[in-house]
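Survey of secondary and tertiary structure
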Amino acid sequence: MKQIFTLLLSFFLISTYAQTCAGRYQTEIYNQVDVSTVDYGSAVNVFGNTQTLQMDIYQAVGDTATDRPVVIFCFGGSFTAGSRTSGELVDFATDLAKRGFVCASIDYRLAGSPLELVIEENIVKVVFSAVQDGKAAIRYFRKDFDEGNSLGISPDNIFIGGTSAGGILAANLAYVDDVSKLPSEWQVWAEENGGLEGSSGNPGYCSYPNGAFGFAGAVGDTSFIEENDVPYYACHSTGDQTVRYDYGAPLQGFAPVSLYGSGEMEKRFNNLGIYNELDTYNDGSHPPFFAQDQITSDQRTLDTRDNLGTFLYNILDCNAGNLKKTDQQSCADFGNPTSIRAINEAKDWGIYPNPTNSFLTISGTSEFESFKILDAMGRELMSSTLQNTNQITVDVQDFASGMYFVYVQSAGVWRSEKLLIK
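Conventions we followed
Residues numbered from 1 in each chain as written. Predicted model: local features only at pLDDT ≥ 70, side-chain atom pairs only at ≥ 80, totals over all residues. Heavy atoms only, no water. Helix = DSSP H or I, 4+ residues; strand = E, 2+ residues; numbered from the N terminus. Contact = heavy atoms within 4.5 Å. Pairing = 2+ DSSP bridges. Axes fitted to C-alpha atoms, helices over the stretch in contact; angles between N-to-C directions. 1 Å grid on protein atoms, 1.4 Å probe; cavity = no way out; pocket = protein on both sides within 12 Å on 5 of 7 lines; lining within 4 Å. Points joined across faces, edges and corners; volume = space filled by probe spheres on them. Nonpolar A, V, L, I, M, F, W, Y, C, P; charged D, E, K, R; others polar.

**Some remarks on the environment of serine 285**
In this fold, serine 285 is placed in the loop between strand S11 (276-281) and helix H7 (294-313). Between the alpha carbons of serine 285 and glycine 239 there is a distance of 7.2 Å; along the sequence they are 46 residues apart. Apart from the residues within four sequence positions on either side, serine 285 is in contact with Ser237, Asp240, Phe290, Ala291 and Arg300.

Written out as C-alpha cells, the structure reads:
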C-alpha cells in the first residue's frame, strides 16, 4: 500500500509540475538579472532624422531555458517624453526575468513637442509610428528565433504592454490588425505614415502579439477588439483624467481624439468571452500605482507586478490550464506564421524578397495558372495568365512605397500574400 501511495504521489507531483510550466513563471526562481542593450531597428522621426531604436533586454543570470516567453514593455509620457528606463518598467522587467521570462523595455518614436498633438492628424501619425516600432520589436525576437534563437525564446509567447502612452501603443498594436478597422480619415493618415507595419526593422516576420496589457492604457475604439483576439490585463483609476478610465479625450480633455479606457475595454472583452483582468482603483492616480502617498504607491506597484505575472502565466502555452480561446488569433491567421522558416514549412508557395523595391519572385511547388497584384485600395495593378511554370519574377521598381497584395491561382484556387514595397 505504501508503494502504491508513493507512486500515486509521484505521478501527481509530476503532472502538477508539467502543468505549471516546469515550476517556472509564477514566482522568482533566480536571484540576479543581466541587462543588455541592443539596436532593434531604426526609423525616420518627426524631425526627418533616422532614429536608432534600442531595447534593454532583461534575462536571469544562469537561466538556460530555450523556450522562454517574452514580455515587451513600453514607457509612458504622452507620446512626447519618457524613457525605456522608467522606474516601474525596470522593476516589472526585473521581477519577471527572475521568474524566467525574457523581458525588454523599448524605445519608440515621439512627437517633437506637446503642441503637435493638438492636431488630430499629428496624434494619429505619432501613435501609429509608435505602433510600428512596437511591431519591429516583436519581429526582432521572432527573427532571432529564426536565426538560431540566441535569446532562448518561444516565438508563440510574446506579449506587449506598457504605461499610459505605452499602454495605448500596445492596445492599438494588438487590436488594430487591419487598417480597414480605422475611421476612413485615419486610414489615409496611417497609409501615408507607412501603414500598420511600417519599416522600423526586421521585415518579413510576424508582428502580432500573443497577449497585451496596459497600466492606464486605452484603445481607439472597442470595436477594434474581435471575438478571437488576444487576452488583456489592465489596471486603471476611475478618476484618471490623463487617460480616461471610461471614454473621453486624454490629457484633461485637450487631445483632439477620444479613446476608450480600461473600463470600456473590459466590457467589450467580457461580451466577447475573451480572458481579461482589470484592477480598478477609485481615485485619480495616473498611472494607478502613482498614488498620493508612498505606502499606497508601493503596495499598488507590488500588486500590479504580481497580478501581471499571474495574468501572463494564465495564458502561457506551457500551462495546460491556460485561459486562451482555442481559436485565438495568431500569426498563422494573417498568412504569416511565426517566422520565415515556418512559412517555408507551412506553405507550398511564397514571395521573396519581402519587402522589396526592385524585383519580386513568386515561387511554389505547384504550377501557377495566373497571378495579380493589387494595391491597398483593391485596385489591380498587374496581372497575367501563366502556363507550365511554378516560378516567376516580376519587376515592381515603379511601384510606390506601401502595402500591396499578391494573388496566385493554382488548381483553380486563389491565395494571397501581403507585399511591402519599401
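Don't stop here, the text continues.
**Some words on the sheet that holds strand S14 (residues 370-375)**
Think of a sheet as strands paired side by side through backbone hydrogen bonds, with each pair either parallel or antiparallel. A sheet is described by the order of its strands in space; here four strands give the open sequence S15-S14-S17-S18, paired in antiparallel fashion. Of all the strands in the sheet, the pair left with one neighbour each is strand S15 (380-385) and strand S18 (413-421). Sheet twist, expressed as the average angle between the axes of neighbouring strands with direction ignored, equals 15°. Bridge count for strand S17 (residues 402-410) against S18 is nine bridges, and the pairing is antiparallel. Bridged to tyrosine 404 within S18 is leucine 419.

**Quick look at empty space enclosed by the protein**
In total, this model carries three cavities of 30 Å³ or more according to the counting rule given. Estimated volume of the largest cavity: approximately 230 Å³. Forming the walls of the largest cavity are 21 residues, and the residues nearest its centre are Phe79, Ile123, Val127, Ile168 and Leu259. When residues of the lining of the largest cavity are traced back to their parent elements, those giving at least two are helix H3 (120-146) and helix H4 (165-175). For the lining of the largest cavity, the leading source of residues is H3, giving four residues. Residue classes in the lining of the largest cavity are distributed as 16 nonpolar, five polar and no charged. Counted as a void, the second largest cavity has a volume near 40 Å³. Forming the boundary of the second largest cavity are Tyr232, Ala234, Ser262, Met265, Glu266, Phe269, Asn276, Glu277 and Leu278. Only strand S8 (232-237), helix H6 (262-272) and S11 provide two or more residues apiece to the lining of the second largest cavity. It is H6 that provides the largest number of residues to the lining of the second largest cavity, a total of four residues. In terms of residue class, the lining of the second largest cavity is built from five nonpolar, two polar and two charged.

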